[in-house]
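Residue-level structure breakdown
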Amino acid sequence: MPYAFVRGRAFRDIVLVLVLVFGVGSFAMLLARVSPLVAFGALFDGAFGTREEVAETLVQATNLLFPALGIAVAFRAGLFNIGAEGQLILGGFAAGWLGAQLPLPWFLAIPMVLIAGALAGGVWGAIPGFLRARFGANEVIATLMLNVVAVLLATYLVNGPLALPGSGASETPSLPHAAQLPDLVSDSRLTWAFPIALVVAFVLRWVLQRTVFGYELRAAGDAPEAAKRAGIDLGRTAFVAMALSGAIAGLGGATIVAGELHRFNTGLSPGYGFIAIAVALVGNLDPLWIIVASLAFGVLQSGGIAMQAEAGVPRDVVALVTGLVIIALAGRRVVAARRST
Amino acid sequence: MRRRFGAVQAVDGVDLELLPGEIHALVGENGAGKSTLAAIAYGAVRADEGSVDATGVVGLVHQHFKLIDRLRVWENVLLNREPKRGWTIDVPAARARVLELAAKYGLAVDPDAVVETLPVGIKQRVELLRELDREPAVLLLDEPTAALAPSEIASFFETVRGLAARGTAVLVVTHKLAEVIAYSQRVTVMRAGAVVARHLTGETNAAAIAREMVGGDVAALATRAETASKALLEVRGLSATSGTSALSGATFDVRAGEIVGIAGIEGNGQSALADALAGVVPFSGELRLAGVTLRPDDSPAARLARGIRVIPQDRRHEALILDWNVRDNVVLGRQRTLPRAGYEAAAREVIDRFDVRPPDPGAIVGMLSGGNQQKIVVGRLLAGDPKLVVAYQPTRGIDVGASALVQSRLIEARNAGAGVLLISFELDEIFACADRVLVIAGGAFVGSFDRAAIDRGRVGALMAGGQA
């Protein structure tokens with residue numbers, strides 16, 4: 001897809017999203033008997049009011065950006081990876097468990113923790129990729145189900161074989177300081193995860209647009225029959241795309257563990273992997289626009305808490321708006337796909 | 001009458017009058033606005049300007065059948081007009097009505113047959129019966145004979161004559177000039193959305209109409225050079241299936257520097273043949289290319305690497321990525337061998353050689369006309385010395401100028417020593433290009449003719465003979 005074409009569509013999507021956020025959001029606030037001005041005021045104040053709040057907004061944006069980039073890889077290959085949540089959780093688990101085991105200097109510990117997360121997420125993405133390539137299994141069902149398996153698997157491991165003696169919490173031991181991502185802003189949870197995510201986005205865009213691998217992946221997604229007849233191996237492409245998709249989401253889980261929590265906890269994600277679907281679609285599956293979209297959703301995520309606390313509007317309004325955005329954009333994509341056939 | 005689609009003035013100030021009892025032919029190149037005009041007259045498309053007056057119901061038989069394959073004949077014929085008994089359909093009455101209709105017009109059908117099991121000619125009858133049930137005063141036929149065998153075409157026009165004799169005004173939209181001359185009383189020629197000529201059919205001829213359609217002389221095809229013929233493709237007992245298309249036990253050869261035309265009616269095994277060669281479906285039997293045996297489980301990539309290039313039947317889904325630009329489409333299949341810096345030059349080469357318009361490597365392929373899209377497909381697949389070219393309906397739905405260009409390039413590939421397998425439903429195309437003609441019917445080869453000994457009548461009879 002030519003860049004200008006994409007940008008035009010992304011612009012329209014952003015207008016649609018703004019209308020949904022402010023229009024439907026205002027309606028929901030009125031139902032909660034709160035003035036939209038007060039509620040949105042609280043939301044933006046919560047997102048931008050102080051240095052720490054801006055940092056937290058960027059933290060939320062980072063946590064969404066990784067899984068959204070992963071989702072974009074799969075979607076560009078024509079594969080609806082709904083399993084970013086599970087891939088992110090297992091990536092976090094692998095990072096947390098491995099990071100707590102080995103006393104290493106930081107320049108080994110941090111890369112190892114991140115790579116462990118990417119590998120675990122990559123394996124978790126590769127499973128539905130393999131099932132799709134080998135047996136034609138529907139990846140939507142497989143990835144959706146594997147989310148549940150991932151959560152239960154991690155919960156079992158931290159409560160069973162890997163349980164901390166004398167602790168009732170569902171978590172791994174805390175990471176040694178050397179394995180923790182350094183802070184970017186003091187007194188906040190914002191770490192080097194944010195610039196790493198930006199670099200991943202730029203590299204991913206280059207890979208998709210400028211490499212033979214990216215060309216074949218996009219061809220397989222945009223016109224599978226033509227790609228197949230031109231000699232592109234659709235099964236192999238699906239497998240690699242799903243593995244890469246899972247690896248990026250898993251890397252995201254690892255940065256949450258290494259940067260924010262400093263240990264794996266089964267509650268590490270409030271649904272980043274699902275909200276990231278909306279982020280990826282709003283960003284029109286273009287890594288650079290996904291950065292913009294993740295910042296916008298980061299505002300909603302971090303401001304939503306303040307909105308609930310200060311204006312008394314349930315945080316669920318943010319979930320409601322996010323859900324509507326997914327329906328609107330995914331629905332529009334389906335309509336567009338139907339028309340073009 | 002005027003109608004605009006986007007930037008294209010599809011129909012521009014056309015007046016057309018149909019008289020009761022006449023068969024009126026509407027001819028023109030693809031994209032001249034014929035089908036749009038028919039759709040406006042039927043009421044399926046609204047005119048931006050102008051009006052349609054008819055003394056009764058207007059019926060339209062589409063070029064592509066609009067039947068529901070899973071339903072029975074009577075269900076299709078009476079769709080939405082079923083005789084009712086309370087809340088249920090009166091099935092005996094419905095069957096009787098279809099039988100009566102069929103007898104009245106001499107269009108024998110089995111009302112209980114499921115449409116998807118019927119051959120194309122019978123499906124056409126079902127289409128026609130559905131419109132006739134509405135007792136139209138005006139009947140519009142859009143490319144009615146595109147899928148019919150020569151013998152079916154004759155009997156189809158007998159029926160149409162019968163209708164005209166009952167006072168129906170019939171408009172036949174077509175590009176087959178032989179049928180125009182044989183069966184119509186008046187002819188209207190369209191070009192670029194406007195009427196360029198009107199004739200009484202008896203006062204003109206096919207060559208004159210062709211010049212009016214194109215707006216000048218039709219480009220001549222490339223001349224055939226002498227080629228040293230040596231064996232290239234050996235096919236022995238080839239059986240394969242692709243979707244509903246089945247080929248059973250085909251045996252033939254294609255020599256280097258030769259165009260072998262596969263004549264046949266759509267749905268007689270052509271898709272299975274092309275797909276087996278492309279490596280899209282498995283096959284049984286033996287395939288050898290230049291002495292090397294091809295394996296049934298080869299991937300499309302393996303076939304490409306052997307120098308086999310298949311121009312697929314559905315360019316929009318099987319060959320092109322419509323959202324992408326010309327440059328990225330031209331290199332599809334060569335993305336691993338061409339350096340990125342060579343993409344632009346590869347695109348320019350195809351654009352120049354095939355006169356792609358607009359000549360812009362950055363143009364989005366989905367925005368180009370069908371003819372220019374096909375030039376990109378053929379240009380891409382003929383690049384880099386192919387050994388065997390399989391062309392499946394390479395000029396389907398594209399205008400005369402683009403068709404001549406595509407056919408010329410195929411002949412040039414032959415002259416350069418490639419073997420070409422030309423699968424087409426248009427006999428004229430096969431006779432114009434092929435060195436040898438094989439007739440396919442019912443998934444098997446039923447006849448073979450050398451260029452010098454082609455007998456159009458016999459080819460047509462053999463094509464129809466294999467029909468179920």
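Residues numbered from 1 in each chain as written. Chains lettered and ligands numbered in written order. Predicted model: local features only at pLDDT ≥ 70, side-chain atom pairs only at ≥ 80, totals over all residues.

1. Topic: the overall build of chain A
The helix and strand tally for chain A stands at 13 helices and 0 strands. Ordered by position in the sequence, the α and β elements of chain A form the string α-α-α-α-α-α-α-α-α-α-α-α-α. Scaling as 2.2 N^0.38, a compact globule of 341 residues should have a C-alpha radius of gyration of about 20 Å, and chain A matches this with 20 Å. In terms of principal-axis extent, the alpha carbons of chain A reach across some 60 × 50 × 30 Å. Within chain A, the fraction of its 341 residues that count as buried is 54%. Here the contacts in chain A between residues at least 6 apart in sequence split such that 79% fall between residues at least 24 apart. (Helix = DSSP H or I, 4+ residues; strand = E, 2+ residues; numbered from the N terminus. Rg over C-alpha atoms; globule rule 2.2 N^0.38 Å. Buried ≥ 20, exposed ≤ 12 C-beta atoms within 10 Å, placed from the backbone. Contact = placed C-beta atoms within 7 Å.)

2. As for the overall build of chain B
Secondary structure summary: chain B contains 16 helices and 20 strands in total. A compact globule built from 468 residues would reach a C-alpha radius of gyration of about 23 Å, and chain B, at 24 Å, matches this within 12%. When its C-alpha atoms are laid out on the principal axes, chain B stretches across 65 × 45 × 45 Å. Contacts spanning at least 24 positions in sequence make up 70% of the contacts within chain B whose residues lie at least 6 apart.

3. Re helix H2 (residues 36–48) of chain A
Residues and elements named next belong to chain A. Between its first and last C-alpha atoms H2 spans 18 Å; for 13 residues at 1.5 Å apiece the expected length is 18 Å, and the two agree. Considered for burial, the residues of H2 that qualify are Ala39, Phe40, Ala42, Leu43, Gly46 and Ala47. Take H2 and look down its axis: the buried residues cluster within an arc of 155°, on one side only. (Expected span 1.5 Å × (residues − 1). Arc of directions from axis to C-beta.)

4. Some words on the sheet that holds strand E4 (residues 58–61) of chain B
Each strand in a sheet pairs with another by means of backbone hydrogen bonds, the pair being arranged parallel or else antiparallel. Residues and elements named next belong to chain B. Pairing in this open sheet of 6 strands is mixed, and the strands run E4-E7-E8-E3-E9-E10 from one edge to the other. Each of the sheet's edge strands pairs with one partner strand only, and the pair in question is E4 and strand E10 (194–200). In this sheet, neighbouring strand axes are inclined to one another by 20° on average, regardless of whether the strands run parallel or antiparallel. In terms of strand pairing, strand E7 (residues 138–142) meets strand E8 (residues 169–174) through 5 bridges, oriented parallel. Bridging across to E8, Leu141 finds its partner in Val172. Relative to the sheet, helix H4 (residues 120–132) contacts E4 and E7, its axis offset from that of E4 by approximately 170°. (Pairing = 2+ DSSP bridges. Axes fitted to C-alpha atoms, helices over the stretch in contact; angles between N-to-C directions.)

5. Focus: the confidence of the model for chain B
Per-residue confidence for chain B averages 88 on the pLDDT scale, and 97% of its residues sit at or above 70. Within chain B, the element-level pLDDT minimum falls on strand E1 (residues 2–5) of chain B, averaging 54, and the maximum on strand E17 (residues 388–392) of chain B, averaging 97. (pLDDT = per-residue confidence, 0-100.)

6. What to know about the packing of helix H5 (residues 106–135) of chain A against helix H6 (residues 139–159) of chain A
Residue and element names in this part refer to chain A. At their nearest, the axes of H5 and H6 sit 10 Å apart, and the two run at 150° to each other. H6 is crossed by H5, and the crossing has right-handed handedness. From H5, Trp124, Ile127, Pro128, Leu131 and Arg132 reach across to H6, where they touch Glu139, Ala142, Thr143, Leu146 and Ala150. For the contact of H5 with H6, the residue count by class is 7 nonpolar, 1 polar and 2 charged. (Left-handed = near helix turned anticlockwise from the far one by under 90°. Nonpolar A, V, L, I, M, F, W, Y, C, P; charged D, E, K, R; others polar.)

7. Considerations on the environment of Ser284 of chain B
All names here are of chain B. By secondary structure assignment, the location of Ser284 is in strand E14 (residues 284–289). A C-alpha to C-alpha distance of 39 Å links Ser284 and Val356, two positions 72 residues apart in sequence. If we ignore the near neighbours within four places in the chain, the residues touching Ser284 are Ser239 and Pro296.

8. Description of the nonpolar core
Membership of the largest hydrophobic core comes to 253 residues, with the highest contact counts inside it found for Val279 and Ile290 of chain A together with Leu422 of chain B. It is helix H10 (residues 234–261) of chain A that contributes the most residues to this core, 15 residues altogether. Mapped onto the domain boundaries, this core takes at least three residues apiece from domain 1 (2–214) and domain 2 (231–317 + 385–465) of chain B. If sequence neighbours within four positions are ignored, Val279 of chain A has contacts with Leu64, Ala68, Ile290, Ala293, Ser294 and Phe297 of chain A. (Core = buried A, V, L, I, M, F, W, Y, C linked by C-beta atoms within 7 Å. Domains from an automatic or database assignment.)

9. Quick notes on the interface of chain B and chain A
Put simply, an interface is often sized by how much accessible area is lost when its parts join up. Chain B puts 22 residues into the contact, and the matching count from chain A is 16 residues. Breaking the side of chain B that touches chain A down by element, the ones donating at least two residues are helix H9 (300–305) and helix H10 (315–318) of chain B. A per-element tally of the side of chain B that touches chain A places H9 of chain B first, with 3 residues. Taken together, the residues of the side of chain B that touches chain A break down into 13 nonpolar, 6 polar and 3 charged.

10. Quick word on the domain arrangement of chain B
All names here are of chain B. Per the domain assignment, the segments making up chain B are domain 1 (2–214) and domain 2 (231–317 + 385–465). On a C-alpha basis, the centres of domain 1 and domain 2 stand 32 Å from each other. Every contact between the two is made by 10 residues of domain 1 and, on the other side, 11 residues of domain 2. For the side of domain 1 that touches domain 2, the element with the most residues is helix H5 (residues 150–165), which contributes 3 residues. For the side of domain 1 that touches domain 2, the class distribution of residues is 5 nonpolar, 3 polar and 2 charged.

11. Things to note about helix H4 (residues 84–101) of chain A
With 18 residues, H4 of chain A should reach 26 Å at 1.5 Å per residue; the first-to-last C-alpha distance of 26 Å fits that figure. Of all 18 residues in H4 of chain A, 17 are buried, a share of seventy percent or more.

12. Brief notes about the pairing of E7 of chain B
All names here are of chain B. Buried residues dominate E7, accounting for 5 of its 5 residues. Burial along E7 is two-sided: the face carrying Val138, Leu140 and Asp142 and the face carrying Leu139 and Leu141 are both buried. Sheet topology places E4 next to E7; 4 bridges connect them, and they run parallel. Residue pairing in the sheet places Leu60 in a bridge with Leu140 of E7. Taken together, E7, H5 and E8 form a β-α-β motif whose crossover is right-handed. (Right-handed = clockwise from strand over helix to strand, strands pointing away.)

13. Thoughts on the environment of Leu78 of chain B
Residue and element names in this part refer to chain B. Examined against the element boundaries, Leu78 turns out to sit in the loop between helix H2 (73–77) and strand E5 (84–85). C-alpha of Leu78 to C-alpha of Asp133: the two residues are 55 residues apart in sequence and 7.6 Å apart in space. Leu78 has contacts with Ala94, Arg97, Val98 and Asp133, leaving out every residue within four places of it along the chain.

14. Brief notes about the confidence of the model for chain A
Residue and element names in this part refer to chain A. With 93% of its residues at a pLDDT of 70 or more, chain A has an overall mean of 88. The secondary structure element of chain A with the lowest average pLDDT is helix H13 (residues 316–340), at 69, and the one with the highest is helix H7 (residues 193–210), at 97. Scored below 50 in pLDDT, residues 1–7 makes 8 contacts in the model with residues more than four places away or belonging to other chains.

15. Here's the deal with the sheet that holds strand E12 (residues 245–255) of chain B
All names here are of chain B. Ordered by their spatial adjacency, 4 strands build an open sheet running E12-E11-E14-E15, and the pairing between neighbours is antiparallel. What marks the edges here is a single partner per strand, and that holds for E12 and strand E15 (292–293). Bridge count for strand E11 (residues 231–242) against E14 is 5 bridges, and the pairing is antiparallel. Note that in E14 the partner of Leu233 across the bridge is Leu289. Across the face of the sheet, helix H8 (residues 270–278) comes into contact with E11 and E12 while running at roughly 120° to E11.

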